[in-house]
Amino acid sequence: MSTSKKNIRIKIDHVTRLEGHGSIRINVEQGKVEKLNLEIVEANRFFENLVKGVPPHDVPQTVSRICGICCVGHQLAAIKAVENALNLTISPQTRLLRVLLNESQFLQSHALHLYFLAIPDYVGVKSILPLASSQPELIKKALKLKKLANDFTAVLGGRTLHPMMPTLVGWRKLPDKNKLHELLERLQESVTDLEQMVDFVAQLKWPDYERQTEYVSLKHADEYALYEGEIYSSDTGKSVPESRYREVTNEFTVAHSTAKWSRWHRESYMVGALARVNNNYEQLYPQAKDVANALDLKVPCYNPYKNNLAQMVEIIHCTHHCIDAMQQLLEKDLQMEDIHYQSSKGIGSSAIEVPRGILFHEYGFDEQGLCNHADAVIPTSQNINNIEQDMKQFVPQMLPDMEKDELASHMEMLLRAYDPCISCSVHMLDVTFV
Amino acid sequence: MSETLITLAGIGNRSVGDDGIALYLLETIQDQLPDEIDVQLWEDQDALSIAAELMEIQTPVVIVDCADMGLNSGEYRWFEASECYLAQQVNSLSTHGFGFADALALAQTLGFMQSVFFFAIQPEQLNFNEHISATLQNRQMSMNHSLLQHLQQLMHQLMSQTVGGKINV
């Protein structure tokens, strides 16, 4: 009996191997999709209220706790937004340290997601343990990369989780130069391991489903935009400044999600590794372009499963960029900078690329210099709408050829391919400070 | 410089109440330990990072951590990994549900062969606060004493098994 004529009910509570909790509901009647919902069931977390009354330098440390994976991203986004609110400027040294810190998190997050959460899908196993049994050398390399990235964050930021060293206009304590040299050596040594990790990814088979959507990422004239840039749309080929991020996100609510959804020029848009590679391919390091070729990742790519390939490409890009940036940093003696600042009334926003896509933060401060306004729009809340739109297009295409279990598995894989951080995506946007 | 005979690792999070006890314990006894014991604090580490740390250890390892053992709050036990069943979360694996048992299983799958001993403490509360419960605080001296004794015994055991300058465990 053709699957397309069957009634299928898929209810996955909760999808595993991602951050936080999300469920998938699909109801197919006589081969027609009657209902398809990606349900986000995490409780609201109210972080934007937690910073009410907090002085500027404490805001980044507080909001870092939104996420244990993207803590660096939230911290840097908050630092940049607060500096914009107070009209504070930074030195080239501080910018370089922040760029490196941000990319250390790309390395650890992409290594974690790609090798430990996503790839088990593509070799047909349920978790990392059977994969570790069949591919021990590969997983040892992935674990080594994760540890290298953790140590990288710790050397720059003081600790792996919720770093204490970066703050407004500078660094509370500069990284140890000898440890930076050691890190540089380890990064250089990791290149050989990465080549073998790429070879493994290159022989995996990826589901062949495409849906063209709007790809949104930062864009910078001089570099592959991760730390800063304007907000670029593949639909218009134009950018808007970070201060106009609400024109991009247009957040709205749906009944089946505690996370807000976003849309810009069409029904949904995608952020993250694939959006960045699609929009900024030419600015990737040559070694990363070579890997994109080896993985047969051609831009523009409309296959969302290949977000995982884009993550591999970014691991290569960040590794080579960090090697160059670290060498640049070590050419000069690091100088301790004055981190005192003058608080004032103001409002400022920021945008930064974190592993899962663009992250927006905005803060306002009153006459006493205390926070009276906060907003954070995280990548997963921007992606959820797009994931559900993908599912709505792919399920009818998959129905004729797939039984229920295979279909359910492909929906889980699709959700995982986006590397969602569902805990972070749940928050209350509307904040009223009294 | 002494050769490391034992790696003593404390796992915990000081922001989750009694979960920080291992870190406080090791900080307290650190100065009383011989050079042959390498003390590591795995503070706020996710399980994959712990697996990565385990992979680098070349000695028997003692893990100090909170554990739900069905004991009264503040009670503690010393035991070997082979004496217990460590519940894994392999089928619902996310980084939110990935615990030490999974980290150890992953490391062992990848070739980690060292003996693992536990000094585990039954917590009273694991809420979001930065305080060790009074029950555990009151027993900390006794915990310190017990842990030091067990470490001393393990050291003697390992040294007696040393053949030609190498540890034969």
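Just so it is clear, the model here is predicted, and its values are computed rather than measured.

K.L.:
Would you take a moment to explain the packing of helix H6 (residues 136–157) of chain A against helix H2 (residues 47–55) of chain B for this structure?
P.N.:
What describes two packed helices is the angle between their axes and the distance between those same axes. Here H6 of chain A crosses H2 of chain B at 105°, and the two axes come no closer than 9 Å. Viewed along their axes, H6 of chain A and H2 of chain B adopt a mutual orientation that is roughly perpendicular. Each of Lys140, Leu143, Lys146, Lys147 and Asn150 of chain A in H6 of chain A lies in contact with H2 of chain B, whose residues at this interface are Leu48, Ser49, Ala51, Ala52, Glu53 and Met55 of chain B. Looking at side-chain class alone, the contact of H6 of chain A with H2 of chain B contains five nonpolar, two polar and four charged residues.

K.L.:
So what exactly am I meant to see when it comes to the environment of arginine 65 of chain A here?
P.N.:
In this structure, arginine 65 of chain A sits in the loop between helix H2 (58–63) and helix H3 (71–86). Counting along the chain gives 248 residues from arginine 65 of chain A to valine 313 of chain A, while the straight-line C-alpha distance between them is 28 Å.

K.L.:
In this structure, what is going on with the packing of aromatic side chains? I would like to understand it.
P.N.:
Two measures describe an aromatic ring pair: the distance that separates the ring centres and the angle between the ring planes. Applying the stated criterion across every chain yields a total of 10 aromatic pairs over all chains. Between tyrosine 122 of chain A and tryptophan 206 of chain A, the ring centres sit 4.2 Å apart and the planes meet at 45°, which makes this aromatic pair tilted. With tyrosine 122 of chain A in helix H4 (residues 92–122) and tryptophan 206 of chain A in the loop between helix H7 (177–202) and strand E6 (214–219), this pair connects stretches of sequence that are 84 residues apart. Assigned by exposure class, tyrosine 122 of chain A and tryptophan 206 of chain A land together as buried. One aromatic cluster is present, built from ring pairs that chain together Tyr209, Tyr305 and Phe394 of chain A. Over the aromatic face of tyrosine 232 of chain A sits the side chain of lysine 219 of chain A, whose NZ or CZ is 4.6 Å from the ring centroid. Taking the ring centre of tyrosine 24 of chain B as reference, the NZ or CZ of arginine 14 of chain B above it sits at 5.1 Å.

K.L.:
Looking at this structure, I do not really get the sheet that holds strand E8 (residues 239–240) of chain A. What am I missing?
P.N.:
Backbone-to-backbone hydrogen bonds join strands into a sheet, with any given pair of strands oriented parallel or antiparallel. All names here are of chain A. The strand order across the open sheet built from four strands is E8-E7-E6-E9, with neighbouring strands paired in mixed fashion. Two strands lie at the open edges of the sheet, namely E8 and strand E9 (269–270), each paired on one side alone. Relative to strand E7 (residues 230–233), E6 runs antiparallel, the two being bridged by four bridges. Counted as the bridge partner of serine 217 is tyrosine 232 from E7. Sheet strands touched by helix H9 (residues 273–280): E6, E7 and E9. Its angle to E6, the strand with the most contacts, is close to 75°.

K.L.:
Looking at this model, I keep getting lost on the sheet that holds strand E4 (residues 76–80) of chain B. Mind explaining?
P.N.:
All names here are of chain B. One open sheet holds the five strands; their spatial order is E2-E1-E3-E5-E4, and the pairing between them is mixed. Each end of this open sheet is capped by a strand with a single partner; those strands are strand E2 (37–43) and E4. Averaged over all pairs of adjacent strands, the angle between their axes in this sheet comes to 20°, without regard to strand direction. Bridge count for strand E3 (residues 61–66) against strand E5 (residues 116–121) is six bridges, and the pairing is parallel. Its bridge partner being in E5, valine 61 is matched across the sheet by valine 116. Running over the sheet, helix H5 (residues 140–160) touches strand E1 (6–12), E2, E3, E4 and E5 and is turned about 20° from E4.

About the cut-offs
- Per chain, the residues get numbers from 1 upward, laid out in the order the sequence is written.
- Starting at A for chains and at 1 for ligands, labels are handed out in the order in which the entities are written.
- Reporting in this predicted model follows two pLDDT cut-offs: at least 70 for local features of residues, and 80 or more for side-chain atom pairs to be given and counted; totals over whole chains, interfaces and linings ignore these cut-offs and use all residues.
- The basis for the side-chain values is all heavy atoms of the structure; hydrogens and waters are excluded.
- Inter-axis angles, ranging from 0 to 180 degrees, are taken between N-to-C directions of lines fitted to C-alpha atoms, where helices are fitted over the stretch in contact.
- Working definition: helices are DSSP H or I runs of at least four residues, strands are E runs of at least two. Numbering for both runs from the N terminus.
- Angles are sorted into four bins: roughly parallel if under 35 degrees, roughly antiparallel if over 145, roughly perpendicular if 65 to 115, and oblique for all others.
- In this description, contact between two residues means that some pair of their heavy atoms is separated by no more than 4.5 Å.
- Think of it as three bins: nonpolar holds Ala, Val, Leu, Ile, Met, Phe, Trp, Tyr, Cys and Pro, charged holds Asp, Glu, Lys and Arg, and polar takes everything else, Gly as well.
- Centre distance within 6.5 Å is the pairing criterion for rings of Phe, Tyr and Trp, where only the six-membered ring of Trp is used; planes under 30 degrees apart are then read as stacked, over 60 as edge-to-face, and the remainder as tilted.
- Only protein chains enter the calculation, and the probe is 1.4 Å; a residue is then buried if its accessible area is under 20% of its type maximum, exposed if over 50%, and partly exposed in between.
- Put simply, a charge is over a ring when the Lys NZ or the Arg CZ is close to the ring centre, within 6 Å, and near the line of the ring normal, within 35 degrees.
- In this description, strands pair whenever DSSP reports at least two bridges between them.

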